[in-house]
Amino acid sequence: MTSSSANFCTARWLRCGSSTIVLAAAMLHPGAALAQETTDPAEETKPVSVQTDVNAAATQDPDDPNTIIVTGQRRALQTSAQRKRDADTVMDSITATDIGAFPDKSVAEALQRVPGITVNRFAATSDTAHFSAEPSGVIIRGLPQVRSEFNGRDTFSANSGRGLSWTDITPELLAGVDVYKNQTADLIEGGIAGSVNLRTRVPFDATGQLIQVGVRANYGDLSKKWTPDINGFYSNRFITGMGEFGVMANLAFSKVRTRSQGIQYGRAIIIDEGFGDSGPDTAFFPYSINFLDNEYDRKRTGIAAAGQWRSLDRKLLVTAQYLRSVYKNVWEERSIGAFGIGPDLYGQNVRTRVPAFGGTGVIPVPAPGTPAFTFDSDGNFETGTPNRPGELWWGNPPGFDSSAPPAPGVNVGFGVNDQGEAMFNTCYSWATASLGCQYQANGQPAYAPGVGSGSRINQNKNMTQDAAINLKWAATDALRFNFDAQYVDSTIHNYDISIEMHSFANTMVDASGGLPRIEFGPPTNINQSAGGLANPNNWYLRSVMDHLEDSKGNELALRADGEYDLNTDWLDSLKFGARYADRKQEVQWSTYNWQNIANTWTDFGSCPHPYWNIDSPPSTDCGVDFNGYPAGFFEMAEFGAGFHGGTLGEFPFVPFEFLRDHRADEFSQELIGVGTFIPICQRNGQLGPDTTPTELPDSCFTPDEVADVREKTNAIYAMLKFGGDNALIGGMPFRGNIGLRYVRARSHKFFVSFI
């Protein structure tokens with residue numbers, strides 16, 4: 001995806017530019033005087049503002065002709081480097097000196113520039129099938145246990161422990177991000193891997209009135225869509241007889257349409273000596289190959305507001321802040337794949353190997369009349385048209401008699417095609433086989449693998465809001481206090497629905513080039529209706545799966561800190577404080593409710609299946625009360641793009657509008673009369689406890705899908721800072737700190753684990 005941008009700024013004086021991250025202090029080279037410091041550098045490590053020392057000198061007037069002001073990239077580099085130098089522990093910093101000049105489109109994307117930090121490019125950590133244009137998570141030095149903070153205060157997402165959903169936060173609201181890779185006594189506990197502090201702007205960061213509007217356009221080269229990023233900022237400060245006041249407001253809106261296309265192999269099966277003398281001793285054969293096309297529609301809205309007051313004697317500074325971020329992401333996906341091209345080892349551990357001895361009926365074979373498989377030098381499957389060998393058990397078909405041959409010209413297989421023939425040949429060796437069975441050279445039958453189309457949408461909305469007030473008091477020249485109160489609230493709503501339809505085809509796979517390619521052909525031992533995969537009569541409804549989440553959480557936190565300057569060469573200051581936090585979370589997260597509709601194993605009965613085909617009309621034949629499938633639940637559409645090797649064909653998919661309108665609920669067993677699907681929010685044990693659980697009253701969730709968590713934390717700490725420019729060992733200055741933090745956490749949890 002590419003983007004172009006333009007920023008428009010008007011103010012008492014103009015400041016426009018770009019920002020980047022400091023990679024090392026060494027990047028700053030000495031040279032001519034380009035700027036003067038307007039802020040005590042030590043104060044740049046404070047959480048609330050760049051300018052938090054109530055005794056800090058007033059910044060110089062930018063209208064002064066003797067003042068040189070540097071903004072943009074160099075100023076950002078200087079600020080970030082200064083923060084790193086003044087930090088009490090190992091940290092990195094990203095600074096956006098100018099509003100809207102954060103270097104990337106998301107916080108996580110910017111953090112990947114920091115040494116020791118990697119980001120998760122999947123849509124979710126547990127879902128490696130879906131890539132994301134924007135990172136979804138942050139890992140510090142290989143560990144995912146990362147704490148997140150707003151302005152030095154705790155924050156979290158409703159369904160997480162101590163982390164934030166990084167896609168939630170719009171970077172236009174931020175003045176910078178600090179990454180702490182080690183823990184010190186004054187940092188809030190819980191950052192095992194590290195802590196990430198998101199700093200928003202406050203009024204006293206600017207020297208006077210500042211107004212800015214920024215506009216940026218994004219273009220997705222796969223989605224072929226233009227989308228906007230818009231942000232507006234206002235800040236002002238003024239002096240009265242009651243002290244100095246400052247106000248600030250910042251609004252940001254971002255919309256991105258991205259598209260991802262993927263080719264995914266299923267589990268690789270290890271096969272030892274399974275392909276004769278011409279094959280490798282050890283081969284790696286994928287169980288499946290799937291082609292995906294996914295479009296994301298992400299909207300993010302952010303609001304930040306702040307007010308500040310400082311006393312005329314500059315001993316008191318009060319800062320009130322509010323931030324709200326709403327993140328909405330809807331992704332819609334279609335997929336086509338071949339399943340069962342390799343051995344099915346469902347339920348077996350990853351070390352399971354398929355031996356040649358006893359492998360009959362497991363090791364794939366070339367379809368009749370197709371070339372032998374080829375493998376690369378490492379034993380990876382490259383080309384071929386795999387069939388599933390052996391006698392696939394689909395049960396006894398209607399009218400089947402193992403002791404008597406069928407009537408002449410009668411195929412006693414399963415299902416029925418548009419010529420009235422059985423769709424699946426029953427090529428059983430222990431009984432009279434169906435007419436038309438095809439066999440391998442060894443006399444065993446073989447069957448074409450399955451082909452599946454998937455239609456899925458995922459609707460996600462996250463909201464995080466944070467309100468806080470901070471008081472800084474300089475009691476004496478050497479003693480300072482900091483008091484802080486915060487309330488954070490978070491909610492998450494998610495709806496995920498997918499429907500799969502399956503058929504059969506001989507799938508030619510060619511992975512000898514840069515990307516795997518497939519072609520579909522007529523299936524072995526399956527008698528399809530005319531038109532093959534382009535005819536909906538050859539498809540069946542495999543499954544419907546829905547998922548729902550409705551989680552919420554809030555926290556009240558109170559904090560008090562003090563610092564006393566010791567003012568010696570060897571002892572710098574003593575810092576101490578206490579913190580109390582009360583957090584409540586209710587995580588309501590349903591199972592992924594996968595249920596069968598008309599799989600091949602349900603094709604049992606006294607006559608051909610009345611509802612196997614997706615275009616089956618209502619029927620009461622064979623003792624089945626089939627009420628028919630919902631109207632308009634499928635459409636025939638082409639699938640494939642250049643990344644997939646072009647169009648793969650025409651297949652049935654569920655219209656996205658059908659899924660968005662929750663019409664998948666119309667597949668309920670109580671409505672269509674077949675299958676086992678009962679939608680979430682309607683489950684009350686209708687089909688028995690092993691199939692349909694019972695939800696809590698006035699809820700969409702069962703008892704084992706709800707976790708109520710409450711945690712109360714009390715903490716105290718003391719930290720001694722020592723060293724400085726005049727503390728020399730071997731002629732070199734040193735500095736450091738030693739501290740102790742005592743934490744008492746009491747947790748109350750009620751939940752039942754489930755699989």
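Counting restarts for each chain, with residues numbered from 1 along the sequence as it is written. With the structure being a predicted model, the display of local features is reserved for residues of pLDDT at least 70 and the display and counting of side-chain atom pairs for 80 or more, all residues being used for whole-chain, interface and lining totals. Excluded from the side-chain calculation are hydrogens and water; included are all heavy atoms of the structure.

Some thoughts on the state of the cysteines
Next up, step 1: Disulfide assignment relies on a single distance test, namely cysteine sulfur atoms paired within 2.5 Å. Enumeration over the complete set of coordinates arrives at one disulfide.
Next up, step 2: Sulfur-sulfur distance for the disulfide between Cys 681 and Cys 700 comes to 1.9 Å. Note on the Cys 681 and Cys 700 pair: the S-S dihedral is about 105 degrees, so by sign convention the disulfide is right-handed. Linking Cys 681 in the loop between helix 4 (669–672) and strand 33 (706–729) with Cys 700 in the loop between helix 4 and strand 33, this pair joins segments that are 19 residues apart in sequence. Runs of H or I in DSSP of at least four residues are treated as helices and runs of E of at least two as strands, each being numbered from the N terminus.

Observations concerning the sheet that holds strand 8 (residues 153–154)
Next up, step 1: What the five strands build is an open sheet, ordered 2-9-10-7-8; its pairing is mixed. Taken across any chain shown, the strands that pair with only one partner, and hence form the sheet edges, are strand 2 (91–95) and strand 8.
Next up, step 2: By the convention used here, strands pair only if DSSP detects at least 2 bridges between them. Of the pairings in the sheet, the one linking strand 7 (residues 146–150) to strand 10 (residues 194–200) comprises five bridges and is parallel in character. Bridge pairing in strand 10 links Phe 150 to Leu 198.

Concerning the sheet that holds strand 21 (residues 381–384)
Next up, step 1: If you walk across this open sheet you meet the four strands as 20-21-26-27, and the pairing is antiparallel. The open sheet has two edge strands with one neighbour each: strand 20 (374–375) and strand 27 (517–521).
Next up, step 2: By the bridge criterion, two bridges tie strand 21 to strand 26 (residues 506–510) in an arrangement that is antiparallel. Residue pairing in the sheet places Gly 384 in a bridge with Val 509 of strand 26.

Here's the deal with the nonpolar core
Next up, step 1: The nonpolar core is taken to be a set of buried Ala, Val, Leu, Ile, Met, Phe, Trp, Tyr and Cys residues, with the residues joined through side-chain atoms within 4.5 Å. Burial classes follow relative accessibility: with a 1.4 Å probe on protein chains only, a residue under 20% of its type's maximum area counts as buried, one over 50% as exposed, and anything between as partly exposed. In terms of nonpolar packing, the biggest core is built from 54 residues, with Leu 541, Tyr 629, Leu 659 and Phe 667 touching the most fellow members.
Next up, step 2: With four residues, the top contributor of residues to this core is strand 25 (residues 479–504).
Next up, step 3: Contacts are assigned to residue pairs that have any heavy atoms within 4.5 Å of one another. When residues no more than four places from it in sequence are discounted, the contact partners of Leu 659 are Ser 455, Arg 456, Ile 457, Tyr 495, Ile 497, Ile 499, Val 654 and Ala 664.
Next up, step 4: Judged by nonpolar contacts, the second largest core, of 28 residues, contains Val 107, Ile 169, Met 248 and Leu 323.

Quick notes on the pattern of salt bridges
Next up, step 1: A pair is scored as a salt bridge if a Lys or Arg side-chain nitrogen falls within 4 Å of a carboxyl oxygen belonging to Asp or Glu. Counting across every chain of the model gives 34 salt bridges.
Next up, step 2: The shortest N-O distance in the salt bridge between Asp 154 and Arg 147 comes to 2.7 Å.
Next up, step 3: The class of Arg 147 is buried, set by a relative accessible area of 0%.
Next up, step 4: For Arg 257, the salt bridge identified is with Glu 295, shortest N-O distance 2.6 Å. With Arg 257 in strand 13 (residues 243–265) and Glu 295 in strand 16 (residues 288–310), the pair connects residues that are 38 residues apart, well separated along the chain.
Next up, step 5: Put simply, Arg 147, Glu 149, Asp 154, Glu 189, Glu 555, Arg 579 and Arg 741 are held in one network by salt bridges that share partners.

Details of the side chain of His 502
Next up, step 1: Locating His 502 in the fold gives a position in strand 25.
Next up, step 2: Once residues lying within four places of it in the same chain are set aside, the contact partners of His 502 are Phe 339, Val 451, Gly 452, Asn 538, Trp 539, Tyr 540 and Arg 542.

Observations regarding a nonpolar patch on the surface
Next up, step 1: A cluster of nonpolar side chains, namely Ile 211, Tyr 234, Phe 238 and Val 247, defines an oily patch on the protein surface of about 310 Å² accessible area.
Next up, step 2: Tracing the backbone shows Val 247 in strand 13. A residue counts toward a patch only above 30% relative accessible area and without a salt bridge, and it is joined to like-charged neighbours within 9 Å or, for Val, Leu, Ile, Met, Phe, Trp and Tyr, to nonpolar neighbours within 5 Å. Per-residue and other accessible areas follow the Shrake-Rupley method at a 1.4 Å probe size, with only the shown protein chains counted as cover for residues.

Points about the packing of aromatic side chains
Next up, step 1: Working definition: rings of Phe, Tyr and Trp (its six-membered ring) pair if their centres are within 6.5 Å, and the pair is stacked with planes under 30 degrees apart, edge-to-face with planes over 60 apart, and tilted otherwise. Per the stated rule, a full pass over the model turns up 30 aromatic pairs.
Next up, step 2: Geometrically, the ring pair formed by Phe 275 and Phe 373 is edge-to-face, given 5.9 Å between the ring centres and 75 degrees between the ring planes. Here the residue Phe 275 occupies a position in the loop between strand 14 (268–272) and strand 15 (282–286), and Phe 373 occupies one in the loop between strand 19 (365–366) and strand 20, the gap between them amounting to 98 residues. Here the two residues Phe 275 and Phe 373 agree in accessibility, since each one is buried.
Next up, step 3: Between Phe 722 and Phe 734 the ring centres are 6.1 Å apart and the planes differ by 50 degrees, which places this aromatic pair in the tilted class.

Some points on unusual backbone geometry
Next up, step 1: In this model, Cys 681 sits at a positive phi of 85 degrees, which is unusual for a non-glycine residue.
Next up, step 2: The exposure class assigned to Cys 681 is partly exposed, which follows from its relative accessible area of 38%.
Next up, step 3: Despite not being glycine, Asp 698 has its phi angle at roughly 55 degrees, a positive value.
Next up, step 4: Mapped onto the fold, Asp 698 is located in the loop between helix 4 and strand 33.

The analysis is restricted to geometry; functional conclusions fall outside its scope.
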